[in-house]
Number of protein chains: 4
Amino acid sequence: MKKNKPKFKQIIDAAVEVIAENGYHSSQVSKIAKKAGVADGTIYLYFKNKEDILVSLFQEKMGQFIEKIEQETTSKQSAEQKLLTLIQTHFEQLAADHHLAIVTQLELRQSNKELRQKINNVLKRYLNVIDQIVEEGVEEELFRDGLDRRLVRQMIFGMMDETVTNWVMKEQRYNIVDQAKEVHSLIIHGLARTDQ
Amino acid sequence: MKKNKPKFKQIIDAAVEVIAENGYHSSQVSKIAKKAGVADGTIYLYFKNKEDILVSLFQEKMGQFIEKIEQETTSKQSAEQKLLTLIQTHFEQLAADHHLAIVTQLELRQSNKELRQKINNVLKRYLNVIDQIVEEGVEEELFRDGLDRRLVRQMIFGMMDETVTNWVMKEQRYNIVDQAKEVHSLIIHGLARTDQ
Amino acid sequence: MKKNKPKFKQIIDAAVEVIAENGYHSSQVSKIAKKAGVADGTIYLYFKNKEDILVSLFQEKMGQFIEKIEQETTSKQSAEQKLLTLIQTHFEQLAADHHLAIVTQLELRQSNKELRQKINNVLKRYLNVIDQIVEEGVEEELFRDGLDRRLVRQMIFGMMDETVTNWVMKEQRYNIVDQAKEVHSLIIHGLARTDQ
Amino acid sequence: MKKNKPKFKQIIDAAVEVIAENGYHSSQVSKIAKKAGVADGTIYLYFKNKEDILVSLFQEKMGQFIEKIEQETTSKQSAEQKLLTLIQTHFEQLAADHHLAIVTQLELRQSNKELRQKINNVLKRYLNVIDQIVEEGVEEELFRDGLDRRLVRQMIFGMMDETVTNWVMKEQRYNIVDQAKEVHSLIIHGLARTDQ
DNA sequence: AATGAATGAGTGTTCATTCAT
DNA sequence: TATGAATGAACACTCATTCAT
């Protein structure tokens, strides 16, 4: 697998387009090959099998995605700021690539358990970034002590994910970045009146 | 479709088992028929096609699921209590039916856009229950005013869903009901120290 | 098989209608039963199997068809008159029952070799009527001597059949009885100028 | 559809054999593929679907059939000679290919209305050849004037077709070419004594 | 005689993957 | 490296027929 060869990226980009446009189940290998401008057989010089295209797609795209988030957040001072930046950058990146948003939020979830297991492995790096911010927040005494780390992480990720999925399902008809602050506020303060 | 005929339920229960054990894509109609103890053709006396088994399964099981939650929550006094009860009942019911938990959290999500659309329609009733509790909370001045209802609903549902999915993916090795209180607390208070 | 019971005819009439309206391949036993106002299983009290419905249909309808032709022709004096009457009565009867025309000319020909063999047996009685008229014509010295009887029969039947089929395929948009005289003339005189 | 590739013809020839031997309804795609020595899937590289095999078969075989008839007839001088040649060539070609005779006279007629419509389109070219001969005959004053062209065409085609079908149903136990002259004579002169 | 729920055999078509060139 | 023709396993669905009532 020669990941730095241009065809590798060519095929992955074709896969994102094809899946976004046709849906997961109508995205045959031959369709991806055609869009990438290579022969069907060539795909198998760069990927083990069809599933490997999808896993690689996710690794490649999520790698860039997470790197960007890491860059943006490290410069911020407080955990609260970092969390807001994380949410904003998360939303911004998906808003900037409509095809990718469809693929990650809707289409890739139709894959089987095995593939989703592998996708989850890629996500771990992202979850670690979240974990660290939470850790910092607790250390800085911004966040409550005694928080269940796994639940906190689920809360943050689950809410961002649910928000993006809803936006994609509404066909991206509003600006999701506008919701970042409110989502951040809900995560930080919850539903309760803060003056109580 | 004769939904009160025993075979209708027989087949649905078989489908839950077969899908939980074999995964969505390895759950052939013939396998479901065999488990249900009927002939392949009998399936089609009760369901339009394979997809209709899944939609009916979700309607049938989620109908009971939501009814139970409606029952449990109405008796509670405050919105806060209702929310806790909702989370607990949600967790309890899935903890009580391991197969169903696998099917709803993992396998049914592999379905195509069309099927997921139908599943979402069934879910609407549940989301309405959540909406009402939030509404009550705001009226009772337990919750903040000016909350974005859609985001709040996403927060509550997203966090429960994420929590259950994580539990299922960890092969249900811990007691998820134990997490209900903490999830509730996170939703109500968020991450921030409440004394600030 | 109780052929004088009213249900026997009921089912046959239903079959003619269903086949004419839906085509041979979309005429399921259950559809015929429904149109006849009986249960699916009842069909099998009157007919051995599906094929037997079709054979019986043909026997029943062709029996009447041929009887009528026998009646009309015997009263005529010359073979030439008899032949004209045969052609006219053939066309008249099919023109009078549109459904039957569709079934005999188009739909029943889609049946398999076996069924068509049985249908041909029913037709033999009709071919005998034609044979006799030819025989008479030769005896009366109206027709040429030395005619190959089988070919003559094929000529007469083939031309009537082809004419009716064409009329059915043109959706019966013209009056086929008007063509009887011309068909008769072609059979009697052929294409050649008679003055030569 | 690559009609000049050898496999295209290979599959068509296999289809003729399989259909002639097993009958239309027992001719599964897999059986045709096996006889052609290709994989089931290969069929679909050359044909849209099963029906397309049959339509292509008819086009391919009838194309050659009609071409041969066109060649043979054009060299003849009179319309009468041309008609005789047409009948002879028609019979000769089917006599030379027993399998094809069975397929065209019996098996292909079991197809549905749609398919028969397509088959009729192919036949139109043949009917045009007949029309032209009749036209010439009238111009040459060999044939009567005032003939109903459609009926004449039906007469000629219907009689040849009926003759071939009878021969096929009698399991081709006699030499059909021997009947060409008599059929020709019947069409030209009809049944009547010519001296009257 | 009549019912109609239940049966289960039977098949066209797709598409990920291979391999000779 | 690259090709693309060929492969063949896999599966949802229909419908004629049966049989317990």
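For the structure, see preceding data.
I will try to describe carefully the structure that is included in this document. These figures come from a predicted structure and were not determined experimentally.

**Some thoughts on the protein's contact with DNA strand E**
Right, on to step 1. Among the 28 residues in the neighbourhood of DNA strand E, the closest are listed as Thr42 and Tyr46 of chain B, Thr42 and Tyr46 of chain C together with Gln28 of chain D.
Right, on to step 2. The separation between a phosphate oxygen of DNA strand E and a polar side-chain atom of Tyr44 of chain A is 3.0 Å.
Right, on to step 3. Listed by contribution, the elements that provide at least two residues to the surface near DNA strand E are helix H3 (40-46) of chain A, helix H3 (40-46) of chain B, helix H3 (40-46) of chain C together with helix H3 (40-46) of chain D.
Right, on to step 4. Each residue belonging to the surface near DNA strand E can be placed in one class, and the counts come to 12 nonpolar, 10 polar and 6 charged.

**Some remarks on the interface of chain C and chain D**
Right, on to step 1. Opposite the 47 residues of chain C that make contact, chain D presents 48 residues.
Right, on to step 2. Roughly 4300 Å² of surface becomes buried between chain C and chain D when both sides are summed, with 55% attributable to carbon and sulfur atoms.
Right, on to step 3. Considering only the surface of chain C that becomes buried against chain D, Arg144, Leu151 and Leu191 of chain C emerge as the three largest contributors, covering 18% of it.
Right, on to step 4. Summed over the shared surface of chain C and chain D, the result is 2 salt bridges.
Right, on to step 5. Arg193 of chain D is paired through a salt bridge with Glu141 of chain C; the nearest N and O atoms lie 3.4 Å apart.
Right, on to step 6. The interface formed by chain C and chain D contains 23 residue pairs in polar contact (both at pLDDT 80 or more).
Right, on to step 7. Every element with two or more residues in the side of chain C that touches chain D is listed here: helix H6 (98-107), helix H7 (113-139), helix H8 (149-169) and helix H9 (180-189) of chain C.
Right, on to step 8. When residues in the side of chain C that touches chain D are grouped by element, the largest group, 13 residues, is from H8 of chain C.
Right, on to step 9. Of the residues contributing to the side of chain C that touches chain D, the split by class is 19 nonpolar, 16 polar and 12 charged.

**Structural notes on the interface of chain A and chain B**
Right, on to step 1. Chain A puts 47 residues into the contact, and the matching count from chain B is 48 residues.
Right, on to step 2. Across the interface of chain A and chain B, roughly 4300 Å² is buried in total on both sides, 54% from carbon and sulfur atoms.
Right, on to step 3. A per-residue breakdown of the area chain A buries against chain B is headed by Arg144, Leu151 and Leu191 of chain A, which together make up 18% of the total.
Right, on to step 4. Viewed at the interface, chain B and chain A are joined by 2 salt bridges.

**Digging into the relation of the copies chain C and chain D**
Right, on to step 1. Mapping chain C onto chain D calls for a screw motion: a turn of 178° about the axis and a shift of 0.2 Å along it, with 0.2 Å RMSD after fitting. Taken together, the turn and the small shift mark the pair as related by a two-fold rotation axis.
Right, on to step 2. Interface overlap between copies: 100% of the residues of chain C at the interface are likewise at the interface in chain D, consistent with a symmetric, same-surface contact.

**Let's talk about the packing of aromatic side chains**
Right, on to step 1. Per the counting criterion, the structure on display carries 12 aromatic pairs over all chains.
Right, on to step 2. On the numbers, 6.0 Å between centres and 80° between planes, the contact of Phe65 of chain A with Tyr126 of chain A is edge-to-face. Here Tyr126 of chain A lies in helix H7 (residues 113-139) and Phe65 of chain A lies in helix H4 (residues 50-74), a separation of 61 residues in the sequence. We note that Phe65 of chain A, like Tyr126 of chain A, is buried.
Right, on to step 3. Considering the side-chain rings of Phe8 of chain B and Phe47 of chain B, the 5.0 Å spacing of their centres and the 15° angle between planes classify their relative orientation as stacked. Linking Phe8 of chain B in helix H1 (residues 6-22) with Phe47 of chain B in the loop between H3 and helix H4 (50-74), this pair joins segments that are 39 residues apart in sequence.
Right, on to step 4. Phe47 of chain B sits in the buried class, given a relative accessible area of 0%.
Right, on to step 5. Three or more aromatic residues joined by ring pairs make a cluster, and in this case those are Phe65, Tyr126 and Phe157 of chain A.
Right, on to step 6. A cation sits over an aromatic face here: Lys50 of chain A above Tyr24 of chain A, 5.9 Å from the ring centre.

Thresholds, definitions, all that
- Residues numbered from 1 in each chain as written.
- Chains lettered and ligands numbered in written order.
- Predicted model: local features only at pLDDT ≥ 70, side-chain atom pairs only at ≥ 80, totals over all residues.
- Heavy atoms only, no water.
- Near = heavy atom within 4 Å.
- Polar contact = N/O pair within 3.5 Å; in protein donor to acceptor, adjacent residues only side chain to side chain.
- Helix = DSSP H or I, 4+ residues; strand = E, 2+ residues; numbered from the N terminus.
- Nonpolar A, V, L, I, M, F, W, Y, C, P; charged D, E, K, R; others polar.
- Contact = heavy atoms within 4.5 Å.
- Buried area = accessible area lost by both parts, 1.4 Å probe.
- Salt bridge = Lys/Arg side-chain N within 4 Å of Asp/Glu carboxyl O.
- Least-squares fit on C-alpha atoms with pLDDT ≥ 70 in both.
- Phe/Tyr/Trp six-rings, centres within 6.5 Å; stacked < 30°, edge-to-face > 60°.
- Buried < 20%, exposed > 50% of the residue type's maximum accessible area, 1.4 Å probe, protein only.
- Lys NZ or Arg CZ within 6 Å of the ring centre and 35° of its normal.

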